[in-house]
Amino acid sequence: MKNYLLRCCLTLCAALAAAGAPAAELQPGDPAPDFALPGSDGKTHKLSDHLGKEAVVIAWFPKAKTPGCTLECKSMRENGDALRKLEVAYYTASCDKPELNKEFAEQLQVDYPILSDPEKTVAAAYGVSDGKIPFAKRWTIYIGKDGKVLAIDKEVKTKTHGADVAAKLKELGVPEK
């Protein structure tokens, strides 16, 4: 009976810890959590589709159609030529609904998918949402083609972000196509 109660207690404690414990913050070298998120282009985009082929950038932003997020997404579009020269798939992402991000993408005429995570599960796995606020932090995650986090930019400059991303990818050794 004593062993049974001990096992029950340990099982319950582990379940409570897993349910309520925040995930450890991602660090360079950590495996990036896989994702499957709808894009503004109507497709589902997955990290696993890029593994072994190219690096991946996810530029999280707080809220579609707001001034800073508009500047950031425009900067990514304006620097698309430099980004497309590199072996990278790049996205912006928010916790907005897919319909809003589709409108936003069309309004800005972006040439890359804006990903949506309204349930905030991927955002939580990447550490950009803690569930206490209704939006993602403005962080950019750089992932190598091996699926490991290369870098995390927590000091995004919205106006120059596209150029900054291209420069960071080169600094990280992401090759040209």
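Residues numbered from 1 in each chain as written. Predicted model: local features only at pLDDT ≥ 70, side-chain atom pairs only at ≥ 80, totals over all residues. Heavy atoms only, no water.

1. Digging into the packing of aromatic side chains
With the rule as written, the count across this model stands at four aromatic pairs. Plain terms: the ring middles of Phe 35 and Tyr 126 are 6.5 Å apart, the flat faces sit at 65° to each other, and that makes the pair edge-to-face. With a gap of 91 residues between them, Phe 35 in the loop between helix H1 (2-20) and strand S1 (36-38) and Tyr 126 in the loop between helix H5 (121-125) and strand S6 (140-143) connect regions that are remote in the sequence. Residue classification places Phe 35 among the buried positions, given a relative accessible area of 3%. Here the aromatic rings of Tyr 90 and Tyr 112 are separated by 5.6 Å at their centres, their planes lie at 45°, and the arrangement is tilted. Residue Tyr 90 is located in strand S4 (residues 88-94), and its partner Tyr 112 is located in the loop between helix H4 (98-108) and strand S5 (114-116); the two are separated by 22 residues in the primary sequence. Exposure remark for Tyr 90: the relative accessible area of 7% places this residue in the buried category. Assessed through its relative accessible area of 5%, Tyr 112 is described here as buried. An aromatic cluster is present here, built from Phe 35, Tyr 91 and Tyr 126 joined pairwise through their rings. One cation-aromatic arrangement involves Lys 154 over Trp 139; the distance from NZ or CZ to the ring centre is 4.4 Å. (Phe/Tyr/Trp six-rings, centres within 6.5 Å; stacked < 30°, edge-to-face > 60°. Helix = DSSP H or I, 4+ residues; strand = E, 2+ residues; numbered from the N terminus. Buried < 20%, exposed > 50% of the residue type's maximum accessible area, 1.4 Å probe, protein only. Lys NZ or Arg CZ within 6 Å of the ring centre and 35° of its normal.)

2. Some details on helix H2 (residues 67-78)
With twelve residues, H2 ought to run about 16 Å at 1.5 Å a step, and its terminal C-alpha atoms sit 16 Å apart, in line with that. Turning to H2, its buried residues number three or more, namely Cys 69, Thr 70, Glu 72, Cys 73, Ser 75 and Met 76. (Expected span 1.5 Å × (residues − 1).)

3. As for the packing of H2 against helix H6 (residues 161-171)
For the pair H2 and H6, interaxial distance at closest approach is 6 Å and the crossing angle is 55°. Between H2 and H6, the interaxial angle falls into the category oblique. Touching Glu 72, Ser 75 and Met 76 of H2 are His 161, Gly 162, Ala 163 and Val 165, all from H6. When its residues are assigned to classes, the contact of H2 with H6 shows three nonpolar, three polar and one charged. (Axes fitted to C-alpha atoms, helices over the stretch in contact; angles between N-to-C directions. Parallel < 35°, antiparallel > 145°, perpendicular 65-115°, else oblique. Contact = heavy atoms within 4.5 Å. Nonpolar A, V, L, I, M, F, W, Y, C, P; charged D, E, K, R; others polar.)

4. Focus on the sheet that holds S4
With mixed pairing, five strands are arranged side by side in an open sheet as S5-S4-S3-S6-S7. Each edge of the open sheet is held by one strand with a lone partner, namely S5 and strand S7 (149-153). Between one strand and the next, the sheet's axes are offset by a mean angle of 25°, whatever the strand orientation. Where S4 and S5 come together, three bridges link them in parallel fashion. Bridged to Ser 94 within S5 is Ser 116. Packed onto the sheet, H4 meets S4 and S5 and runs at close to 170° relative to S5. (Pairing = 2+ DSSP bridges.)

5. Comments concerning the pairing of strand S3 (residues 55-60)
Within S3, six of the six residues are buried, leaving the element largely enclosed by the surrounding structure. Residue alternation in S3 divides its side chains into two sets, Ala 55, Val 57 and Ala 59 and Val 56, Ile 58 and Trp 60, and both sets are buried. Relative to S6, S3 runs antiparallel, the two being bridged by four bridges. Within S6, the position partnered with Val 57 by the bridge is Tyr 142.

6. Examining the pattern of salt bridges
Under the defined criterion, the tally for this structure stands at nine salt bridges. Between Asp 81 and Arg 84 there is a salt bridge whose closest N-O contact spans 2.7 Å. Of this pair, Asp 81 and Arg 84 are both found in helix H3 (residues 80-84), three residues apart, which corresponds to roughly one turn of the helix. According to the relative accessible area criterion, Asp 81 is exposed, its value standing at 55%. Notably, a salt bridge pairs Arg 84 with Asp 111, separated by 2.6 Å at the nearest N-O pair. With a gap of 27 residues between them, Arg 84 in helix H3 and Asp 111 in the loop between H4 and S5 connect regions that are remote in the sequence. (Salt bridge = Lys/Arg side-chain N within 4 Å of Asp/Glu carboxyl O.)

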